[in-house]
Every structure is written in structure tokens, then in C-alpha cells.
Amino acid sequence: MENVIEVNALEKFFSKERALKNVSFSVKKGEIFGFLGPSGSGKTTTIKILTAQLKPTSGSTSVFGVPTHQLSKEKYRKKIGIVTDNTALYARLSVYDNLKLYCDLYDVPESRIYEVLSMVNLAGENKKIVSKLSRGMLQRITLARAFLHEPELLFLDEPTSALDPVNTKHIYEGLMRLKEKGTTIFLTTHDMNEAEILCDRVAFLNNGEIQLLDAPKKLRQQRSDASLTVELTDGRTIVLPKGPAGAQRLFDHMNANEIISVYSNQPTLGDIFVEVTGRNLV
Amino acid sequence: MTFSMKRVTAILQKDYKDISRNLYVTTTLVLPLIMAVIFGRDGKSTLELIYMIINMGLVLVGTYVQASLIAEEKEKNTLRGLMLSPASTLEIFLGKNLLSFIATAVIVTGSILLMNYNPGHVPAVVIALVLSAIFYLGLGTLIGLMTKSVVEASVIIVPVMFVFSFISFMKPFMEKYPILTFIEYLPNMQMLDLAAQAQAGTGFGDVGSNLLIIVGWVVFIHILAVYVYKKRMVEE
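Conventions adopted
- Residues numbered from 1 in each chain as written.
- Chains lettered and ligands numbered in written order.
- Predicted model: local features only at pLDDT ≥ 70, side-chain atom pairs only at ≥ 80, totals over all residues.
- Heavy atoms only, no water.
- UniProt positions renumbered as here; feature names shortened; annotations may be inferred.
- Helix = DSSP H or I, 4+ residues; strand = E, 2+ residues; numbered from the N terminus.
- Buried < 20%, exposed > 50% of the residue type's maximum accessible area, 1.4 Å probe, protein only.
- Contact = heavy atoms within 4.5 Å.
- pLDDT = per-residue confidence, 0-100.
- Domains from an automatic or database assignment.
- Core = buried A, V, L, I, M, F, W, Y, C linked by side-chain atoms within 4.5 Å.
- Pairing = 2+ DSSP bridges.
- Axes fitted to C-alpha atoms, helices over the stretch in contact; angles between N-to-C directions.
- Buried area = accessible area lost by both parts, 1.4 Å probe.
- Salt bridge = Lys/Arg side-chain N within 4 Å of Asp/Glu carboxyl O.
- Phe/Tyr/Trp six-rings, centres within 6.5 Å; stacked < 30°, edge-to-face > 60°.

Our focus in this paragraph is the UniProt feature "domain: ABC-2 type transporter transmembrane" (unreviewed entry) in chain B. According to UniProt, the feature "domain: ABC-2 type transporter transmembrane" (unreviewed entry) maps to residues 50-227 of chain B in the numbering used here. Helix makes up 77% of residues 50-227 of chain B and strand 0%. Its end C-alpha atoms lie 34 Å apart.

Here you go:
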């Protein structure tokens, strides 16, 4: 499968401070790639470099097979959608007028406005003035704007940070539909649950350095001791080791009808991040 | 890269809707007209006074409104959205300048009518005014790009307003202080000189050098504005 994004030995210094250190990865077509890390770890810097908003200090970056500094060309801009933490909407204009501008800029029919508003659970809100909307609604309009031209590659910087669980779920469904259509998504987040649900592969970024990169399932399996936690009807919680001894004890409890629930002791992505970096994802 | 008039008009329409709800800008548009009524109602104003009002209109609308529009786009990060869209630098510049240009043309024409000013050589004066408006728009774009906020742009506009509206009154000091001779080459002074010649009945041939100097300023300011814009597109 072809790589849509390729990054090799990327470094970025701001004055003498190193923001990115020897970062290398690639993102395949149709993949949702998660860039996970706490605030200040270099996630937004990476997105800015990949979207030609920021010059790297050294290393090479390419998107659609061309160096990122050539992305200002119209044909590449039409293939890319970007959602940053800054909503960047025209406050005095209505939701419709904000989206209409981008329909014209990307040469998309205005009828698409209603489709994207429905995608972000804002159908019927098109006449509202942007300055009167909540932060969560603004974030959803920014997402709708990025969906307008059905980009081949979508950069999402903390896309659900201001959303409630219902709208977050709605956005996840929208993103999964885009993935099914072949859209490649580069997602930065510090929400491990979001990464588990959406991402095919994740990279852990800490102090500007990638410390781990793989599929969430593989990362969990690699660090699992295959033991099980069992809740029993008498109120006890026991841990059963892997192997015949654990299996026999599980069988005995099941046979005696003493089990309420059984959990896998696989670590979460959050546990793994803390283990690898020694830091919490905040 | 293909040029799209649709993108230019999209930016123009957006600016029109945005400005019509911006009380700050709409009140600024009225100021030069009020000045024209106050200073020009007797119809006996000197050419210097008439061009002080005209230049004030050019600076307040062409430069200040344009600077505010650009500075606000920068401040709210919406300019970044335009930069990242398929719109080219030319399309964005044209789109962002058109509304201010139309407003400048309307306000300056209105001021001229209110002051009962009848230029001696209408085509030459109109060409010079159009070129001057394009220069002041470029200056506004440049100020907008170099400032961080609308408030900062409002502060910077004060000395600009002084230079381009009132500096003609310093002409008598040029003989005493030769260092001030550069004033003569400013676009507003060239405009005033052209208007004086036109009033004296000269033709296009005599004001050619004035027009050329103004064209030089237009080219210079727009090259500078595009350079700063390109620098702002990609952070270091």
C-alpha cells in the first residue's frame, strides 16, 4: 500500500530548544494514524511542518510523494483538509456563510453544506451566527469545513477536545465513514480511548521523540501477561495466571457458578504510554 | 495554477457581509465625508486643503480599513485558513483588496463631489487617483500583515495618516531643510503636483513623470506586501 505521508529524521529547533528529535514514520493510504503525546510534545509542530506552515530544521517530509514545501500548489491543497485547535471562523458571519466561502474556494457545490452539517450533528443550525455558538459547536463547524471538499488526507489536531460524549461518538462515526471511503487521517490526540477506537497505528511522542509505534492491539498484546481478573459472587476479585493452573481455577469457579465477570489484564494505551515515557498524557 | 474569479468574488462577498456587520469599520467610512462637508462646503478651498481631504479618505479607507481587515484575519487566524486553501496569493490579494478599493472609490468620489472640486484634466486626475488608491491599499495590506491585531494597526495608522494627509503643508520648509526634499517624491505629493498642473491646463505629457513615480510606488508597495505575505505563510 502506498505511503501518503513520509517523514525521515525530522528535527525542529525553536531557538536553541529542540521541539522534534529524529522523528521518522510513514502513513499509508486509507489509514488512521494517531500521534499521541501530552501537551508540548511536538504534535502540532509536526502537523504544521507536514502542512507546509512551518519549516523543519532538518530531515525530509513528503506528502503525496512531493516535498511538503511544494504543497502550496492548488492540486495538493484540494486534497488536504486541516483541523487545528484554533477554530478560525468568521465570528460575525453565519454558519452557512462561513461554509459557503470554503465551498467557493474548493469549488464544491453549496448543497454539500447540509451534508457536512449533518455529519457533525449540526443539521438545521446553518443560520446561526458563529459568535453566538458554544466552543463545542465551533469545533464541529471547523470539522464540517474540513469535510466539505472530501479531502484525501485529513489532519486533525485534537478534534474532539471540546466535545461531549454524544457528539464525540457522532464525529467518530463520521471519521470511520471517511476512512471507509479511503480518506487517510493523521490524528493528534492525548485521548487514549479515542486512539484505541479510531487508529490503525499509533506513535507515542514524548519530548519531541517517537518512543513507540505500532497498532494499538499489537502494543497491548506485546505487554500483556495473559492473566485474567475475575470478580466472584462472594465479593472477592482474583487474578488468574496464564497456563493450565489458571485455566483449571477458572473452570472450577465457572463450574461452581461463582463468576460475575472476567477481565483481560491487557494494559491500556494509557498504561503503556506511562510505562514507556514515565509521563501521564495530560 | 489556474486563476479563479469565483474564489476572488467569494472572498469579496465574505468581506462585504463581514464589514456590513462591523460598526467600527462602517463609522470610519463616514469620517472623510464629514471632513469634506466641514472643510469644503464653501467651495473656496485651496488645492492643498482639497487634497488633504482626498488623501485622508485614501488613508482612512484604503489603508486603515484594509489594514484592519487583514490584521483581524491574522488575529483571528482566519487568514491561515485562506492561505491553506487552494486560493493563490493573487486570488487572495485581489479578493481582500476589492472591497476596500470599491469603498475607497465611493468615498473619495463622494468627498470630491461634496467639496465641489472640478479637476482641470479629469482623465489624468482619475488615473492618478486610481493608482494612488491601489498604492494605499497595498500600504494597508502591508500594515495589516506586519501588525498582530486591529488595535496595533490602529496605532500604526496615526503617523501614516500624518505623512500622507498633512505633509503637503511642510512643502515650504523644503528650501530651508534640504533633507526634506524626499517629501516631493511621496505619492501624495506627486498627486498634488499633478493636480496643480492639471488645474493650470497642462496635458498628459506634462504629468507623465508624476504618474510614473506613483506607478513606481504602487509596484514597490505591492512587491513588499507579497514578500511579507509569503514570509507569513511559512513560519521559521
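Before going further, it helps to examine the environment of L50 of chain A. Residues and elements named next belong to chain A. Along the polypeptide, L50 turns up in helix α1 (residues 43-50). You can call L50 buried: its relative accessible area is 0%. Sequence separation between L50 and L153 is 103 residues, and the spatial gap between their C-alpha atoms is 11 Å. Once residues within four sequence positions are removed from consideration, L50 is found in contact with I5, V7, F25, T61, V63, T68, L71, F155 and F186.

As a further point, take the confidence of the model for chain B. Averaged over chain B, the pLDDT score is 89; the fraction of residues at 70 or greater is 98%. Confidence, read as mean pLDDT per element, is least for helix α2 (residues 23-40) of chain B in chain B (85) and greatest for helix α6 (residues 122-146) of chain B (95).

Frequently, the measure chosen for interface size is the accessible area that the parts lose on association. Annotation of chain A at the domain level lists domain 1 (3-220) and domain 2 (225-265). Between domain 1 of chain A and domain 2 of chain A, the C-alpha centre-to-centre distance is 42 Å.

Glancing now at the nonpolar core. Burial of nonpolar side chains together is a common tendency in soluble globular proteins. Within the largest apolar cluster, 115 residues are counted, with the highest numbers of intra-cluster contacts made by F147, L175, F204 and L269 of chain A together with Y51, I54 and Y117 of chain B. Residues within four places of Y117 of chain B in sequence aside, it is in contact with L47, I50, Y51, I54, I112, V125, A195 and Q199 of chain B. In this structure, V7, V27, F35 and I80 of chain A belong to the second largest nonpolar core, which totals 28 residues.

For the rest of this paragraph, the subject is the sheet that holds strand β8 (residues 184-189) of chain A. Residue and element names in this part refer to chain A. What the six strands build is an open sheet, ordered β6-β7-β8-β3-β9-β10; its pairing is mixed. Whereas interior strands pair on both sides, the edge strands pair on one side only; in this sheet they are β6 (80-83) and β10 (209-214). For this sheet, the mean inter-axis angle between neighbouring strands, taken without regard to orientation, is 15°. Two elements, strand β3 (residues 32-36) and strand β9 (residues 201-206), share four bridges in a ladder whose sense is parallel. Each residue of the ladder has a partner; that of F33, found in β9, is R201. Packing of helix α6 (residues 165-180) onto the sheet brings it into contact with β3, β7 (153-157) and β8, and relative to β7 it is tilted by some 155°.

Across the boundary between the two partners, chain A contributes 30 residues, which contact 29 residues of chain B. Together, the buried faces of chain A and chain B total about 2,800 Å²; carbon and sulfur atoms form 54% of this surface. Interface area lost by chain A to chain B is led by Y90, R92 and L105 of chain A, which between them contribute 26%. Inspection of the region where chain A meets chain B yields five salt bridges.

Looking now at the UniProt feature "domain: ABC transporter" (unreviewed entry) in chain A. Mapped onto the present numbering, the UniProt feature "domain: ABC transporter" (unreviewed entry) falls on residues 5-232 of chain A. Its end C-alpha atoms 49 Å apart, residues 5-232 of chain A is made of 32% helix and 29% strand.

It is worth spelling out the packing of aromatic side chains at this point. Under the counting rule described, the total for this entry stands at 18 aromatic pairs over all chains. Taking 5.1 Å as the distance between ring centres and 10° as the angle between the ring planes, the aromatic pair formed by F25 of chain A and F33 of chain A counts as stacked. F33 of chain A carries the same exposure label as F25 of chain A, and that label is buried. Where F135 of chain B meets Y136 of chain B, the ring centres are 5.2 Å apart and the plane angle is 75°; that geometry is what we call edge-to-face. On the accessibility criterion, F135 of chain B (1% relative accessible area) is buried.

A separate point is the pairing of β6 of chain A. Residue and element names in this part refer to chain A. The two faces of β6 match: I80 and I82 on one face and G81 and V83 on the other face are all buried. With four bridges connecting them, β6 and β7 associate as parallel partners. Residue I80 lies in a different strand from β7, and its bridge partner there is L153.

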